[in-house]
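Chain by chain, the residues:
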Amino acid sequence: IHFAPNTWQDQEYDNLATPLAKINPAQLDTAQWVRVAEAMSAKYIIFVAKHVGGFCWWPTETTDYSVKSIPWRSGKADVMAMLAESCRRRGMKLGVYISPADRKHGADVGGRCKTPAEQTRYNAIYRKQLTVLLSRNGELIEVWFDGSCIIDVGDLLKKYVPKAMIFQGPQATIRWVGNEDGVAPYPAWNSLPLAAAKSGVATAAESRPDGDAWMPLECDARFRNTWFWNTKNANTLKSVDQLMDMYYKSVGRGAGLLLNHTPDPTGLIPEADAKMAAEFGSELQRRFGKSIAETSGQGETIELDLGKARTIDHVITMEDIRQGERVRVYTIEA
């Protein structure tokens with residue numbers, strides 16, 4: 001979920017020019033965000049608590065560029081905490097995106113500053129921000145460091161979210177697929193060379209069937225053609241057919257699909273987007289919600305007896321990956 005001053009600017013990157021007095025998402029309802037996620041059969045939400053502009057959706061002493069400085073709820077709201085509570089009530093898992101880049105504080109991609117003094121100052125700011133987000137919002141299953149992270153935060157991750165998946169950076173446990181189309185290559189191996197894994201910015205391009213490190217792929221994509229809501233792209237909302245094609249080419253190839261929603265300036269996900277999400281979820285359930293028959297086993301041949309002549313239109317095969325991906329080729333016969 002991407003939501004920031006960008007939402008009021010009709011652009012993808014915050015130019016820091018929007019008066020904070022104009023940011024007043026009076027109808028913001030994190031429970032609606034969770035309902036939309038549930039309707040599309042999502043298993044977790046990742047909230048962009050801070051994008052590259054540096055605006056923070058939780059009260060923080062580290063910057064005046066945050067919810068504390070906007071009129072909504074007299075500057076006392078904490079959207080991250082509100083979302084965490086909404087997720088807890090519905091059993092939805094939660095992750096957080098906290099950009100190391102921060103235009104407000106002069107930090108470029110990865111959190112890199114121009115001088116050693118500026119770097120030291122920003123490192124302290126970022127570590128404080130990350131500490132609050134990781135320690136006050138219950139269990140988080142994923143932490144997103146977009147563009148990697150040069151700031152040493154390994155101790156914080158180990159202390160507060162030892163079981164979370166980490167996207168990019170030296171502690172990364174999952175990989176960006178390498179595009180923003182929601183499409184993984186085929187085959188999409190989870191393994192890769194250890195040296196590539198340690199880079200913190202590996203993509204599907206480094207996948208190897210015999211790699212010596214394990215780092216699954218996450219495919220990020222959008223309902224519209226932008227990450228942030230704007231007034232000009234309602235006609236780019238993807239259709240169910242487009243979303244299903246994306247699902248087959250991501251989840252169907254063994255990757256995770258991270259599909260973005262864009263709340264508008266009211267704070268709500270637009271009605272058309274929510275409706276399309278529900279239609280997408282319904283189609284997923286129609287196609288995959290109930291199987292005709294299932295089996296499991298090991299060896300050279302696994303047989304599934306349907307009991308009688310049946311019409312089938314999908315076969316889903318899954319490997320037990322507790323010892324890695326060992327199947328190199330297989331054939332389905334009927």
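Here the structure is shown first, and the text comes after it.
For clarity, every value in this text was computed on a predicted model and none was experimentally measured.

Thresholds applied
Residues numbered from 1 in each chain as written. Predicted model: local features only at pLDDT ≥ 70, side-chain atom pairs only at ≥ 80, totals over all residues. Heavy atoms only, no water. Buried < 20%, exposed > 50% of the residue type's maximum accessible area, 1.4 Å probe, protein only. Helix = DSSP H or I, 4+ residues; strand = E, 2+ residues; numbered from the N terminus. Contact = heavy atoms within 4.5 Å. Pairing = 2+ DSSP bridges. Phe/Tyr/Trp six-rings, centres within 6.5 Å; stacked < 30°, edge-to-face > 60°. Axes fitted to C-alpha atoms, helices over the stretch in contact; angles between N-to-C directions. Salt bridge = Lys/Arg side-chain N within 4 Å of Asp/Glu carboxyl O. Parallel < 35°, antiparallel > 145°, perpendicular 65-115°, else oblique. Left-handed = near helix turned anticlockwise from the far one by under 90°. Nonpolar A, V, L, I, M, F, W, Y, C, P; charged D, E, K, R; others polar.

Could you clarify how one ought to interpret helix H1 (residues 30-39) in this entry?
Along an α-helix, a turn takes 3.6 residues, which lines up residues three or four apart on a common side. Within H1 the residues assigned to the buried category are Thr-30, Gln-32, Trp-33, Val-34, Val-36 and Ala-37. In this fold, the buried residues of H1 make contact with strand S1 (44-50), helix H2 (79-90) and helix H7 (271-288). Backbone geometry just after H1 places Ser-41 at a positive phi near 70 degrees.

Can you walk me through the sheet that holds strand S9 (residues 256-260) in this structure?
In a beta sheet, neighbouring strands pair by backbone hydrogen bonds and run either parallel or antiparallel. The three strands are arranged S5-S8-S9 in an open sheet whose pairing can be described as parallel. The open sheet has two edge strands, strand S5 (175-176) and S9, and neither has a second partner. With five bridges connecting them, strand S8 (residues 217-222) and S9 associate as parallel partners. Across the sheet, the residue bridging to Arg-222 is Asn-260, located in S9.

I'm lost on the packing of aromatic side chains in this one. Help?
Each aromatic ring pair is specified by the distance between its two centres and by the angle formed by the two planes. Overall, the coordinates contain twelve aromatic pairs when judged by the stated rule. Residues Phe-3 and Trp-57 carry aromatic rings whose centres are separated by 4.8 Å and whose planes lie at 5 degrees to one another, so their mutual orientation is stacked. With a gap of 54 residues between them, Phe-3 in the segment before H1 and Trp-57 in the loop between S1 and H2 connect regions that are remote in the sequence. The buried category is assigned to Phe-3, whose relative accessible area is 1%. Trp-57 gets classed as buried once you look at its relative accessible area, which sits at 0%. Measuring from ring centre to ring centre gives 6.0 Å for Tyr-122 and Tyr-126, while their planes differ by 40 degrees; the resulting arrangement is tilted. Placement of both Tyr-122 and Tyr-126 in helix H3 (residues 116-135) is noted, with a separation of four residues, approximately one turn of the helix. Residues Tyr-122 and Tyr-126 agree in their burial class; the two are buried. Through pairs of rings, three or more aromatic residues link up here, namely Phe-3, Trp-8, Trp-33, Phe-47, Phe-55, Trp-57 and Tyr-65.

Explain the pairing of S1 here, please?
Remember that side chains alternate between the two faces of the sheet whenever the strand is regular. When you tally the buried positions in S1, you get six out of seven residues, the bulk of the element. Relative to strand S2 (residues 93-98), S1 runs parallel, the two being bridged by six bridges. Its bridge partner being in S2, Phe-47 is matched across the sheet by Val-96.

What exactly am I supposed to notice about the sheet that holds S2 here?
Taken together, four strands build an open sheet; the order of strands is S1-S2-S3-S4 and the sheet is parallel. Each end of this open sheet is capped by a strand with a single partner; those strands are S1 and strand S4 (165-167). Strand after strand, the sheet turns through a mean of 20 degrees between neighbouring axes, direction not considered. Where H2 meets the sheet, it contacts S1 and S2, and its direction lies at approximately 160 degrees from that of S2.

How should unusual backbone geometry be read in this particular structure?
Residues apart from glycine generally show negative phi values, whereas peptide bonds are mostly found in trans. With an omega dihedral of -5 degrees, the bond running from Tyr-186 to Pro-187 counts as a cis peptide bond. Positive phi outside glycine occurs at Gln-168, with the angle close to 70 degrees. Mapped onto the secondary structure, Gln-168 falls in the loop between S4 and S5.

Mind showing me how you'd approach the pattern of salt bridges here?
Should their charged atoms come close, side chains of opposite charge can pair. Inspection of the entire model under this criterion finds 15 salt bridges. Of the charged contacts, one joins Asp-29 and Arg-35 as a salt bridge, the two residues approaching to 3.7 Å between their closest N and O atoms. On the basis of relative accessible area, Asp-29 is assigned to the partly exposed category, the value being 27%. The closest approach of N and O atoms between Arg-286 and Glu-283, which form a salt bridge, is 2.8 Å. One end of the pair is Arg-286 and the other is Glu-283, both in helix H7 and three residues apart, which spans about a single turn. Residue classification places Arg-286 among the exposed positions, given a relative accessible area of 61%. Among the ionic contacts, a cluster of salt bridges with common partners joins Glu-85, Arg-88 and Arg-89.

Explain the packing of H1 against H2 here, please?
Helices that pack against each other are described as a pair by the angle of their axes relative to one another and the distance between those axes. The N-to-C vectors of H1 and H2 enclose an angle of 45 degrees; their axes lie 8 Å apart at closest approach. Looking at the two axes, H1 sits oblique to H2. Taken as a pair, H1 and H2 cross one another with a handedness that is right-handed. Mapping the contact onto sequence places Thr-30, Ala-31, Trp-33, Val-34 and Glu-38 in H1 and Val-79, Met-82, Leu-83, Ser-86, Cys-87 and Arg-90 in H2. Of the residues assigned to the contact of H1 with H2, the class counts are seven nonpolar, two polar and two charged.

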